[in-house]
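# An overview of the molecular structure
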Amino acid sequence: MGPMDDSIIFDSVTHLTERQRGCAVLCASHGGIYAGYVAAKIGIRAIALCDAGIGRERAGVAGLELLEDLEVPAVAIAHTSARIGDGEDCMTRGIISCANTPARALGLAPGATASAALTRMSEIDKVAPPPPPPSRESRHVITYDGARVVLIDSAGLMADEDAGEIVVTGSHGGLLGGRAEAAAKASAYAAVFNDAGGGIDGAGVSRLPSLESRGIAGACVSAFSARIGDARSTYEDGFVSALNETARSRGGEIGQSCRAFAAAMAAAREDERP
């Protein structure tokens, strides 16, 4: 199986299936705990992810540590070298910024290309690692100052029932594969993401224009204010670093806390109701 095989290169770790069990893959997701857990649950043998700016408490690469405990080689691609959310770009331009101990044992280290890393990881025996420890619930609905807010650790968990809601995610704000339709799986009233450090081509906030075209108020919080992959941290710790015009028109501001942003969106939605 060559490294350019389209069955091992993905825009998101949430696109993995049982078909990839025991394989080495490249996923352009952030390298946080949630992504590491999803990869481990599938039974990935080795993986390349994105470092998402590394960010608060090194959350952008925390999944590498989870995988290390399972003896799974894992590396992270520098957000300044390739677009987060774009598997092909990560494969073409990606440069490794972090590697866990099992990956280093394979000779992989910062400075290697993503393509070389995937080639090397694809050479190891195709076996599945042990399952990860149980994960905490990754979807919550909270009410704050009368506003209903949906918290989801991954944008992939967004559902039809979230239409018209204020949704706060732990996901990065990058378009998956550059596809506008991938910006949000539901027509939320407002959606918040993590800016993943911005990164090359402004990839970490590239969902915002596509959300704008759908009338969704979109915002990103700084990766250095909140732990990527953790919606509770987005909501409780995050400060807005980027937003689209719809969000601005509804009371969103750069530097605003995510809590204040959600409250502003709730007030704007109430004002719009007949």
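Residues numbered from 1 in each chain as written. Predicted model: local features only at pLDDT ≥ 70, side-chain atom pairs only at ≥ 80, totals over all residues. Heavy atoms only, no water.

## A short note on the overall build of the protein chain
Scanning the protein chain from terminus to terminus reveals nine helices and eleven strands. Over its C-alpha atoms the protein chain spans a radius of gyration of 18 Å, differing by no more than 12% from the 19 Å that the globule rule assigns to 274 residues. Taken over the C-alpha atoms alone, the protein chain extends approximately 60 × 35 × 30 Å along its principal axes. Residues classed as buried in the protein chain amount to 59% of the 274 residues present. Within the protein chain, contacts between residues at least 6 apart in sequence are counted, and of these 61% link residues at least 24 apart. Carbon together with sulfur atoms contributes 51% to the accessible area of the protein chain, which is approximately 10,700 Å² in total. A distance of 2 Å separates the average location of the 25 positive side-chain charges in the protein chain from that of its 34 negative side-chain charges. (Helix = DSSP H or I, 4+ residues; strand = E, 2+ residues; numbered from the N terminus. Rg over C-alpha atoms; globule rule 2.2 N^0.38 Å. Buried < 20%, exposed > 50% of the residue type's maximum accessible area, 1.4 Å probe, protein only. Contact = heavy atoms within 4.5 Å. Areas by Shrake-Rupley, 256 points an atom, 1.4 Å probe, with all protein chains shown as cover. Lys, Arg positive; Asp, Glu negative; His and termini not counted. Charge placed at Lys NZ, Arg CZ, Asp CG, Glu CD.)

## Points about the pattern of salt bridges
For the coordinates displayed, the defined rule picks out 19 salt bridges. Arg93 is the salt-bridge partner of Asp89, the closest N and O atoms lying 2.8 Å from each other. Note that Asp89 and Arg93 are positioned in helix H3 (residues 87-93) at a spacing of four residues, about one turn of the helix. Between Arg120 and Glu123 there is a salt bridge, with its nearest N and O atoms 3.2 Å apart. Taking relative accessible area as the criterion, Glu123 reaches 55% and is therefore assigned exposed. (Salt bridge = Lys/Arg side-chain N within 4 Å of Asp/Glu carboxyl O.)

## Some thoughts on the nonpolar core
Core analysis: the largest hydrophobic core is formed by 54 residues, its most contacted members being Val25, Leu26, Ile47, Val75 and Met121. In terms of residues, this core owes the most to one element, helix H1 (residues 33-42), which gives seven residues. Each residue touching Leu26, except ones within four places of it in the same chain, is listed here: Ile8, Ile9, Phe10, Ala48, Ile77, Gly87, Cys90, Met91, Ala114 and Leu118. Leu151, Val240, Ala247 and Phe261 belong to the second-largest nonpolar core, a separate cluster that totals 25 residues. (Core = buried A, V, L, I, M, F, W, Y, C linked by side-chain atoms within 4.5 Å.)

## Some remarks on H1
In terms of burial, H1 is largely enclosed, as eight of its ten residues are buried. Along H1, the residues classified as buried are Tyr34, Ala35, Gly36, Tyr37, Val38, Ala39, Ala40 and Ile42. Check the buried side of H1 and you find it contacts strand S2 (24-30), strand S3 (46-50) and helix H2 (62-69). In the stretch just after H1, Gly43 is the one whose phi turns positive, near 100 degrees.

## Re the sheet that holds S3
In space, the five strands of this open sheet follow the order S1-S2-S3-S4-S5, with mixed pairing throughout. In this open sheet, the two strands that pair with only one neighbour each are strand S1 (9-10) and strand S5 (96-99). Relative to strand S4 (residues 74-77), S3 runs parallel, the two being bridged by four bridges. Following the sheet pairing, Ala48 is matched in S4 by Val75. Where helix H5 (residues 114-122) meets the sheet, it contacts S1, S2, S3, S4 and S5, and its direction lies at approximately 140 degrees from that of S2. (Pairing = 2+ DSSP bridges. Axes fitted to C-alpha atoms, helices over the stretch in contact; angles between N-to-C directions.)

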